[in-house]
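Residue-level structural notes
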Amino acid sequence: MTAAVDVDQLAKSFRVPVRAESGLRASTVALFRRQHRVVEAVHEVTFTIGPGEVVGFLGPNGAGKTTTLKMLAGLLLPSAGTARVLGVDPFRREPEFLRRITMVMGNRNQLQWDLPAIDSYELRRAVFRIPRDRFVATRDELIELLDLAPLIDKPVRQLSLGERMRVELAGSLLHEPEMLFLDEPTLGLDITVQRRVRRFIADYNERTGGTILLTSHYMADVEALCQRVLVIHHGRLLFDGALTSLADRFGATKTITVQLHDDASRAELPAVIAEARSRGLAITGTGETATGAVTVLVDRKDAPRAAALVLERLDVVDVSIEDPPIEDVIERVFTDG
């Protein structure tokens, strides 16, 4: 089976000017002999995505996520390496290829600002040469799924950020693309709209079998939609695998959450922690949840013995041992990378 995305040693460097020192002499020299430096945004990235996969693409700001997506969509020419999307070289920007992909950027407008969304949809129908009956059926389905009926007759500039994101998403899918590059599709949206967009993306993948590469700073997006993640930092791919295995590989700690019976047990907790440390157990911190439960952060290998000691020494109502939040795991990846 042909991969939906096949990337091999993909790299992108930018030549940027060096800011001149202050002063007339330095400014004059810079005017005639401008100094430049090379910034490597993406460094020899390699990965493959199968048809129908929904893959999370994670990394901090400036890690190279958007640059990679733009190369895969054919918007940027790579400095080195190769990429094929749906079996095609994306950098040729052939019309047939463009009809099979879409790119949604949460901080960019693609619809006409002063026109109602319904008019921009008609424009996209003409651009992509979508047959009228197919266009109407797809448009009406998207309007229903994203609850757009009250919005599509309003100029886009009058819509809120959440409303605009929904009509933008629908507009990007009118030609029923096989490959979706989603760059922060829920950026700045409230929780309710985020959930609605997530449900829609999952439904689109299930109904059409479309392949999705998703970047997001909201881990809830990734956890709800993706079983596999790519982690990039400083332009280098640090991790490619199952989301569940990310914590196993990089999560060095476990969180023990304990609901104590009374204040007397709570008062004894510091002594128990001191005893655990005297036994060589690596307890790195404690805290308290909103419900009053106590949390103990402990090295993964020591979690069973630490929990056993707490149960033995204290009057415990409930106890749980969990992996750290995925956000903390990702932060650890970035720090180690």
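Residues numbered from 1 in each chain as written. Predicted model: local features only at pLDDT ≥ 70, side-chain atom pairs only at ≥ 80, totals over all residues. Heavy atoms only, no water.

What follows covers the pairing of strand β8 (residues 228–233). Sheet faces and side chains relate simply in a regular strand, where the side chains alternate between the two faces. Along β8, 6 of the 6 residues are buried, which leaves the element largely enclosed by surrounding structure. Because side chains alternate across β8, one face comprises the buried residues R228, L230 and I232, and the other comprises V229, V231 and H233, equally buried. Across 4 bridges, the pairing between strand β3 (residues 54–58) and β8 is parallel. Counted as the bridge partner of F57 is L230 from β8. In this sheet, strand β9 (residues 236–242) lies alongside β8 in antiparallel orientation, the contact comprising 6 bridges. By the bridge assignment, L230 is partnered in β9 with D240. (Buried < 20%, exposed > 50% of the residue type's maximum accessible area, 1.4 Å probe, protein only. Helix = DSSP H or I, 4+ residues; strand = E, 2+ residues; numbered from the N terminus. Pairing = 2+ DSSP bridges.)

With that settled, the discussion passes to the packing of aromatic side chains. Note on aromatic pairs: each is described by the distance of the centres and the angle between the planes. For the structure shown, the criterion picks out 2 aromatic pairs. Between the aromatic rings of F47 and F57, the centroid separation amounts to 6.2 Å while the plane-to-plane angle is 50°, which identifies the pairing as tilted. Of the two residues, F47 sits in strand β2 (residues 36–49) while F57 sits in strand β3, which places them 10 residues apart along the sequence. Judged by relative accessible area, F57 falls into the buried class, the value being 0%. (Phe/Tyr/Trp six-rings, centres within 6.5 Å; stacked < 30°, edge-to-face > 60°.)

What follows is about unusual backbone geometry. Glycine aside, residues mostly have negative phi, and peptide bonds are mostly found in the trans state. At Q9, a residue that is not glycine, the phi angle is positive and equals roughly 55°. Examined against the element boundaries, Q9 turns out to sit in strand β1 (residues 5–17). Its identity as a non-glycine residue notwithstanding, L86 has a phi of 55°, on the positive side.

Residues of helix α11 (residues 303–313) that are buried: A303, A306, A307, L309 and V310. Taken end-on, α11 shows its buried residues confined to a sector of 160°, consistent with a single buried face. Every exposed residue of α11 that faces more than 90 degrees away from the buried side is listed here: P304 and E312. For α11, the elements touching its buried residues are β10 (253–260), α10 (263–278), β12 (294–299) and β13 (316–322). (Arc of directions from axis to C-beta. Contact = heavy atoms within 4.5 Å.)

Topologically, D183 is positioned in strand β6 (residues 179–183). K65 is the oppositely charged side chain nearest to the buried, salt-bridge-free D183, at an N-O distance of 6.3 Å. Polar side-chain contacts of D183 include one of 2.5 Å to the side chain of T215. Beyond its immediate chain neighbours, meaning those up to four positions away, D183 contacts T66, L69, V104, M105, G106 and T215. (Lys, Arg positive; Asp, Glu negative; His and termini not counted. Salt bridge = Lys/Arg side-chain N within 4 Å of Asp/Glu carboxyl O. Polar contact = N/O pair within 3.5 Å; in protein donor to acceptor, adjacent residues only side chain to side chain.)

We now examine the sheet that holds strand β4 (residues 80–85). Sheet strands associate in pairs through backbone hydrogen bonding, adopting either a parallel or an antiparallel arrangement. A sheet is described by the order of its strands in space; here 3 strands give the open sequence β2-β1-β4, paired in antiparallel fashion. Edge positions in the sheet fall to β2 and β4, since each of these pairs with one other strand and no more. Neighbour-to-neighbour, the strand axes of the sheet open up by a mean angle of 30°, direction not taken into account. Sheet analysis places β1 next to β2, joined by 10 bridges and oriented antiparallel. (Axes fitted to C-alpha atoms, helices over the stretch in contact; angles between N-to-C directions.)

In this model, helix α4 (residues 117–128) (12 residues) spans 16 Å end to end at C-alpha, consistent with the 16 Å of a helix rising 1.5 Å per residue. Listed in full, the buried residues belonging to α4 are A117, I118, S120, Y121, R124 and F128. The buried side chains of α4 occupy one side of the element, clustering within an arc of 155° when seen end-on. Those residues of α4 that are buried lie in contact with α3 (95–98), α5 (132–145) and α6 (161–172). Looking one or two residues beyond α4, the residue adopting positive phi is R129, at roughly 55°. (Expected span 1.5 Å × (residues − 1).)

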